[in-house]
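For reference, the chains in residue letters:
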Amino acid sequence: MSTAHGPSGGRRQLRARLRAARDAAGLTQEQAAEAMDWSLSKLIRIEAGTVSISTNDLKALLQHYRVDDPGTVAELLALARLARQRGWWVQYREIFERERAYYDYVGLEAEAATLRVFQPIGMPGLLQTESYARAYISAAVPSQVEPEDVTVRVGLRLRRQEELFSRPVPPTLQVILDEANLHRHIGGTEVLREQLERLRAEGLKDHVTLQILPFTAESYGATGQFNLLSFEAGTPDVVYIESTPTVALVDQPAEVETYRQTFARLQNLALNPSESLEMINKMVTQMV
């Protein structure tokens with residue numbers, strides 16, 4: 001039974017189940033496309049989740065795959081309708097047309113039940129203040145980007161926070177920060193102090209676990225920034241990697257498991273939540 005609650009989750013579940021149905025029917029993509037009188041590229045895009053499929057096309061495809069159980073057909077049709085819905089993030093699509101992985105990530109993030117974030121550089125976007133976000137984005141994006149674009153990006157970051165944490169039951173957020181992030185004066189001393197106060201407040205919430213990876217921790221290798229998203233049963237985990245020059249979504253089970261193990265190792269190396277909040281509080285006190 002489907003447990004997807006939004007278009008991104010619906011699209012991911014549908015594409016996985018269509019691939020499985022085709023495999024069960026013993027058909028290649030070329031054979032299925034030819035039988036449906038479609039171009040091969042159309043079927044490839046449907047199975048990749050980059051385009052939606054109409055309910056009429058889906059019914060015909062399922063018939064060809066010999067999927068005739070009424071309950072299964074109804075569930076897949078519901079997923080197709082869900083996948084065609086427009087999420088709130090669609091309004092930002094044009095400005096991120098060259099950043100497809102990030103755009104897709106925002107859609108998946110909006111439906112996640114648990115987010116595990118490792119941040120070796122900067123503060124996690126979901127916990128940034130508006131001032132810090134503006135300073136961080138202004139420094140990170142190319143110099144030719146217009147100020148209006150920076151404003152849009154900041155707005156998206158704040159909207160992500162609002163949409164995610166205004167849920168009746170907010171997702172669980174587990175964050176590991178490198179200690180260096182607490183010392184880097186992005187935006188200046190006042191901006192950093194405000195940001196540290198925000199971290200301290202967020203770290204006290206029940207759905208947030210915040211840990212600091214101290215300078216005294218042993219080396220953790222060359223691991224860059226990554227977000228590991230988990231969903232309700234039925235939707236596989238996905239990892240978003242953001243490490244220059246790589247920005248990508250990873251959903252291959254073996255690769256996802258590697259990042260899951262990496263996050264667990266980092267948790268063991270990091271200070272516990274109480275010690276982490278104590279470190280942040282000490283820094284805030286020193287900056288007053």
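- The chain goes by Transcriptional regulator with XRE-family HTH domain in an unreviewed UniProt entry, where it is assigned to Catenuloplanes niger.

### Examining the pattern of salt bridges
In step 1: The full count for this structure, using the stated rule, is 15 salt bridges.
In step 2: Between glutamate 202 and lysine 205 there is a salt bridge, with its nearest N and O atoms 3.2 Å apart.
In step 3: Residue glutamate 202 is classed as buried on the basis of its relative accessible area of 8%.
In step 4: With a relative accessible area of 37%, lysine 205 lands in the partly exposed category.
In step 5: Through salt bridges with shared partners, a single network forms among Arg22, Asp23 and Glu47.

### With respect to the sheet that holds strand E1 (residues 114–119)
In step 1: Within the open sheet, the six strands sit side by side as E3-E2-E1-E4-E5-E6. Their pairing is mixed. Across the chains shown, the open sheet's two edge strands, defined by having one partner strand only, are strand E3 (208–213) and strand E6 (246–250). With strand direction ignored, the average angle separating the axes of adjacent strands in the sheet is 10°.
In step 2: Two strands pair when backbone bridges link them, and strand E4 (residues 226–230) and strand E5 (residues 238–243) are joined in this way by four bridges, in the antiparallel orientation.

### Quick word on helix H8 (residues 147–165)
In step 1: When the terminal C-alpha atoms of H8 are compared, their 27 Å separation across 19 residues agrees well with the 27 Å that a helix rising 1.5 Å per residue should span.
In step 2: By the burial criterion, the buried members of H8 are Val150, Arg153, Val154, Leu156, Arg157, Arg160, Gln161 and Leu164. Along the axis of H8, the buried residues cluster in a sector spanning 150°; they form a single face. Those residues of H8 that are exposed and aimed more than 90 degrees away from the buried face are Pro147, Glu148 and Glu162.

### A few points about the packing of helix H4 (residues 55–64) against helix H5 (residues 70–83)
In step 1: Two elements in contact, H4 and H5, have axes separated by 10 Å at closest approach and are oriented at 145°. For the element pair H4 and H5, the recorded crossing hand is right-handed. Between H4 and H5, the residues in contact are Thr55, Leu58, Lys59 and Leu62 and Val73, Leu76, Leu77, Ala80 and Arg81, respectively.
In step 2: Of the residues belonging to the contact of H4 with H5, the class tally is six nonpolar, one polar and two charged.

### Considering the side chain of threonine 114
In step 1: Mapped onto the elements, threonine 114 comes out in strand E1.
In step 2: Assessed through its relative accessible area of 16%, threonine 114 is described here as buried.
In step 3: With residues near it in sequence (within four places) discarded, threonine 114 still touches Thr172, Leu228, Leu229 and Ser230.

### So, the packing of helix H6 (residues 100–109) against H8
In step 1: It is the contact of H6 with H8, at a shortest axis distance of 11 Å, that shows an interaxial angle of 20°. Overall, the two elements H6 and H8 adopt an arrangement that is roughly parallel. H6 and H8 meet at a crossing whose hand is left-handed. Contact residues: H6 offers Tyr102, Tyr105, Val106 and Glu109, while H8 offers Leu156, Arg160 and Leu164.
In step 2: Within the contact of H6 with H8, the residues separate by chemical class into five nonpolar, no polar and two charged.

### A look at the UniProt feature "domain: HTH cro/C1-type" (unreviewed entry) in the chain
In step 1: UniProt's feature table lists "domain: HTH cro/C1-type" (unreviewed entry) at residues 18–73, given in the numbering used throughout.
In step 2: Secondary structure content for residues 18–73 is 68% helix and 0% strand, while the C-alpha to C-alpha distance between its ends is 11 Å.

### Considering the packing of aromatic side chains
In step 1: Evaluation of the coordinates by the stated rule reveals eight aromatic pairs.
In step 2: Aromatic side chains tryptophan 88 and tryptophan 89 sit 5.7 Å apart centroid to centroid with 85° between the ring planes, which places their arrangement in the edge-to-face category.
In step 3: Ring plane angle 75° and centroid distance 6.4 Å describe the contact between phenylalanine 226 and phenylalanine 263, whose orientation is recorded as edge-to-face. One end of the pair, phenylalanine 226, is in strand E4; the other, phenylalanine 263, is in helix H10 (residues 253–269), with 37 residues separating them in the sequence. Phenylalanine 263 carries the same exposure label as phenylalanine 226, and that label is buried.
In step 4: Chaining the aromatic ring pairs together yields one cluster made of Phe118, Phe226, Tyr259 and Phe263.

### Some words on the side chain of arginine 160
In step 1: With respect to the helices, strands and loops of the structure, arginine 160 is situated in helix H8.
In step 2: When its relative accessible area of 6% is taken as the criterion, arginine 160 is described as buried.
In step 3: Not counting residues within four places of it along the chain, the set of residues in contact with arginine 160 comprises Trp88, Tyr102, Tyr105, Val106, Glu109 and Leu126.

Each value, and the rule that gives it
Residues numbered from 1 in each chain as written. Predicted model: local features only at pLDDT ≥ 70, side-chain atom pairs only at ≥ 80, totals over all residues. Heavy atoms only, no water. Salt bridge = Lys/Arg side-chain N within 4 Å of Asp/Glu carboxyl O. Buried < 20%, exposed > 50% of the residue type's maximum accessible area, 1.4 Å probe, protein only. Pairing = 2+ DSSP bridges. Helix = DSSP H or I, 4+ residues; strand = E, 2+ residues; numbered from the N terminus. Axes fitted to C-alpha atoms, helices over the stretch in contact; angles between N-to-C directions. Expected span 1.5 Å × (residues − 1). Arc of directions from axis to C-beta. Left-handed = near helix turned anticlockwise from the far one by under 90°. Contact = heavy atoms within 4.5 Å. Nonpolar A, V, L, I, M, F, W, Y, C, P; charged D, E, K, R; others polar. Parallel < 35°, antiparallel > 145°, perpendicular 65-115°, else oblique. UniProt positions renumbered as here; feature names shortened; annotations may be inferred. Phe/Tyr/Trp six-rings, centres within 6.5 Å; stacked < 30°, edge-to-face > 60°.

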